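Reading the structure
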Amino acid sequence: DLITVGRLEQLARQRVDRAGKAVDILRYVTSARCHQPVSHTFKPLVQCMVVERRNVGFFSHSQSRPRQQRLAPFTLKVLPLPAEGLPADFSGAVGTFRLAGKLSKNVVRVGDIITLSLELAGQGWLNDAAMPQLPASTLFKSYPAKETSRSNMRVTTEQTLIPQSTNALEIAAVAFTFFNPASGRYEESKAGPFRLTFETAAPQAQTAVRVIDT
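Residues numbered from 1 in each chain as written. Predicted model: local features only at pLDDT ≥ 70, side-chain atom pairs only at ≥ 80, totals over all residues. Heavy atoms only, no water.

A few points about the confidence of the model for the chain
Counted only if it meets this: In predicted models, pLDDT denotes the confidence assigned by the predictor to each residue on a 0 to 100 scale. Secondary structure counts use DSSP, requiring at least four H or I residues in a row for a helix and at least two E residues in a row for a strand, with both numbered from the N terminus.
Residue-level pLDDT values for the chain average 90, and 93% of them are 70 or greater. Of all secondary-structure elements in the chain, the lowest mean pLDDT belongs to strand S6 (residues 32–34), at 85, while strand S20 (residues 194–195) reaches the highest, 97.

Comments concerning the pattern of salt bridges
Note the threshold: Think of a salt bridge as a Lys or Arg side-chain nitrogen and an Asp or Glu carboxyl oxygen that are within 4 Å of each other. Accessibility here uses a 1.4 Å probe with only protein chains present; expressed as a share of the type maximum, an area under 20% marks a residue as buried, one over 50% as exposed, and anything in between as partly exposed.
Under the defined criterion, the tally for this structure stands at 11 salt bridges. Among the ionic pairs, Arg154 bridges to Glu119, the shortest N-O distance being 2.9 Å. Of this pair, Arg154 sits in strand S16 (residues 154–163) while Glu119 sits in strand S13 (residues 114–125); the two residues are 35 residues apart in sequence, bridging distant segments of the chain. The exposure class of Glu119 is partly exposed, given its relative accessible area of 31%. Sharing partners across several salt bridges, the network here consists of Arg13, Arg15 and Asp24.

Brief notes about the environment of Glu119
Cut-off, in case you're wondering: Between two residues, a contact is recorded if the distance between any of their heavy atoms is within 4.5 Å. Under this definition, polar contacts are N or O atom pairs within 3.5 Å; protein pairs additionally need one hydrogen-donor-capable and one acceptor-capable atom, and for neighbouring residues in sequence, both atoms have to be side-chain atoms.
Sequence-wise, Glu119 and Glu158 are 39 residues apart; in three dimensions their C-alpha atoms are separated by 9.1 Å. In contact with Glu119, not counting residues within four places along its chain, are Arg98, Leu99, Ala100, Arg154, Val155 and Thr156. For Glu119, the side chain forms a polar contact with the side chain of Arg154, separated by 2.9 Å.

Now the structure itself:
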């Protein structure tokens, strides 16, 4: 109930020489997330299985035995998110993130179907943080945004928009708010505004008329 630790991932293996004996050093890394403010001392214990290969004459066999290794204790202190300056649209994302967006096309006609794609990505924890929503506009017919993918550090959405008149020259910017632990402040990343250009109507064919004077 205090902390969730991710899966250990092995980094590059390193071989060193110690007292004339080749030794492989294996390093592992993982990420963790605290669920509440806490000041707690952890005493890590590594449990593993040691496998040794023994040679007896022309024959060899493997011998396994369990091993435990107590690591140095450490204290982890997690502060609560500051109440001062808490934005109304903050939905819980902690880390550093960047919001980007693009339109399926920028040159349109009235009634064309446009798709706005948004991508939110970065480092930290998104969990179920909500993506920003476009403000309502009478210049566009809009459909609800559809989430196309989600992970701890990346979310993508798509939204369909239809311009209702040639006055719909711009789709408003959207902003995502997050707490940046490095700066200790609430920050936001913006995407847009997205400009539209309307095609000029193709010139209508003129019918040539010849007047005959009688």
